Amino acid sequence: MPRYATIDVGTNSVLLLVADRLPDGRFQAVRERAEITRLGRGVDKSRRLSPEGMEATLQVLSDFASEARGLGAEAIAVSATSAARDAENGSEFLSAAQERAGVTVDIISGELEAQLSFTSAHADFGREASGPMVVIDIGGGSTEFIYGDPAGRVAFRHSFDVGSVRMTERYVHSDPLSAEDRARVEAHLRETFSALPPCPPGARLVGIAGTVTTLFTLQHAIEPYDSARVHGGSLTRAQLEALADKLCRQPLAERQKLPGLQPKRADVIPAGALILLESVRALGLEHCLVSDRGLRWGLLAYRFGALQP
């Protein structure tokens with residue numbers, strides 16, 4: 001059966017998915033990997049990708065592409081999102097990726113990013129549902145909201161320039177977060193999310209990407225990471241409030257030791273927790289389902305789905 005790979009180059013991390021396309025059109029994962037490289041470090045302020053961020057990301061990208069080819073992937077689709085979109089020197093990264101990893105990186109729009117995230121979530125959580133679904137994809141540089149119906153039709157989608165790395169770099173100046181730092185993050189998020197349309201009545205919320213899965217692993221102290229325990233889990237608003245309070249109060253050195261938290265994500269997880277909490281509040285919901293799939297799975301269906309030649 002045909003085997004394909006997708007690589008999602010985000011502001012904070014790089015994710016690999018190698019999967020077989022089954023005869024019925026579904027995909028079955030063969031290998032999944034993730035590395036935090038922080039491509040988007042400093043982009044919010046400088047509008048440029050740093051040499052350190054590019055080098056770390058290019059090394060992982062090259063390794064992932066080689067791994068995918070070694071596993072027999074006949075094609076590799078690579079997407080880059082917020083950091084590469086925003087950076088003035090994004091073209092340098094694209095050229096280096098072609099030279100170092102032998103891959104073409106497509107910088108996708110925030111709107112397409114939102115659509116692909118919804119495609120992934122709907123495949124897992126929407127087909128059996130009788131009501132609408134809201135998907136939120138929290139990245140390092142941006143957060144996407146998508147409203148859709150049980151048939152998978154999208155009614156609203158938007159990418160906001162708020163992410164765990166961007167909010168941390170812009171507003172967090174103390175360790176642990178001061179009350180003033182937290183208040184600035186929350187005020188910005190509330191103002192940003194006030195532009196959201198009303199949440200559809202009866203909607204279920206699905207959260208995608210590393211911030212959401214990390215909050216779930218922290219809540220349940222899951223270490224090492226176990227996708228079978230994470231995917232399909234649920235976080236309540238009360239749990240998110242308690243997690244946000246805990247993470248904002250703890251110094252970085254303590255957060256780095258928490259079971260279920262990658263040390264490289266410890267500096268940005270308080271802002272990530274606040275993004276999810278303020279999202280739930282803005283939508284007026286009490287629960288968030290957890291997906292450990294997301295953009296790379298949506299990209300797989302988009303580029304190599306059953307309708308593709």
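In what follows, the structure referred to is the one given above.
Fair warning: this is a prediction, and the values are worked out from it, not measured in the lab. (Residues numbered from 1 in each chain as written. Predicted model: local features only at pLDDT ≥ 70, side-chain atom pairs only at ≥ 80, totals over all residues. Heavy atoms only, no water.)

Colleague: Could you give me a rundown of the pattern of salt bridges, with the residues and numbers involved?
Modeller: A full pass over the atoms with the stated rule returns 20 salt bridges. Linking E32 and R296 is a salt bridge whose minimum nitrogen-to-oxygen distance equals 2.8 Å. Placement of E32 in strand 3 (residues 27-36) and of R296 in helix 13 (residues 295-304) is noted, with a sequence separation of 264 residues between them. A residue is classified by how much of its surface remains accessible, and E32, at 34% relative accessible area, is partly exposed. Taking relative accessible area as the criterion, R296 reaches 8% and is therefore assigned buried. Taking the shortest distance from any N to any O, the salt bridge between R293 and D124 comes out at 3.2 Å. Within this pair, whereas R293 is found in the loop between strand 11 (287-291) and helix 13, its partner D124 is found in helix 5 (residues 110-126), the two being separated by 169 residues in sequence. For R293, a relative accessible area of 26% puts it in the partly exposed group. In this structure, a network of salt bridges that share partners links the residues R31, R33, E35 and E67. (Salt bridge = Lys/Arg side-chain N within 4 Å of Asp/Glu carboxyl O. Helix = DSSP H or I, 4+ residues; strand = E, 2+ residues; numbered from the N terminus. Buried < 20%, exposed > 50% of the residue type's maximum accessible area, 1.4 Å probe, protein only.)

Colleague: Which residues make up empty space enclosed by the protein, and what are the values?
Modeller: Evaluated as defined, the whole model comprises one cavity of 30 Å³ or more. Each pocket or cavity is described by its volume, and for the largest cavity that value is around 60 Å³. Lining the largest cavity we find T11, G40, V43, D44, S82, A83, D86, G140, G141, V165, R166 and E169. For the lining of the largest cavity, the secondary structure elements donating two or more residues are helix 1 (43-46), helix 3 (82-86) and helix 6 (164-171). Looking at the lining of the largest cavity, its residues break down into three nonpolar, five polar and four charged. (1 Å grid on protein atoms, 1.4 Å probe; cavity = no way out; pocket = protein on both sides within 12 Å on 5 of 7 lines; lining within 4 Å. Points joined across faces, edges and corners; volume = space filled by probe spheres on them. Nonpolar A, V, L, I, M, F, W, Y, C, P; charged D, E, K, R; others polar.)

Colleague: Any chance you could break down helix 7 (residues 179-193) for me, citing the residues and the numbers?
Modeller: For helix 7, with 15 residues, the first-to-last C-alpha span of 21 Å sits near the 21 Å given by 1.5 Å per residue. Within helix 7, burial applies to D181, R182, V185, E186, H188, L189, T192 and F193. Taken end-on, helix 7 shows its buried residues confined to a sector of 160°, consistent with a single buried face. Residues of helix 7 that are exposed and angled more than 90 degrees away from the buried face: A179 and E191. Summarising the contacts, the buried residues of helix 7 are in contact with strand 7 (143-148), strand 8 (154-160), helix 6, helix 10 (237-249) and helix 12 (269-283). (Expected span 1.5 Å × (residues − 1). Arc of directions from axis to C-beta. Contact = heavy atoms within 4.5 Å.)

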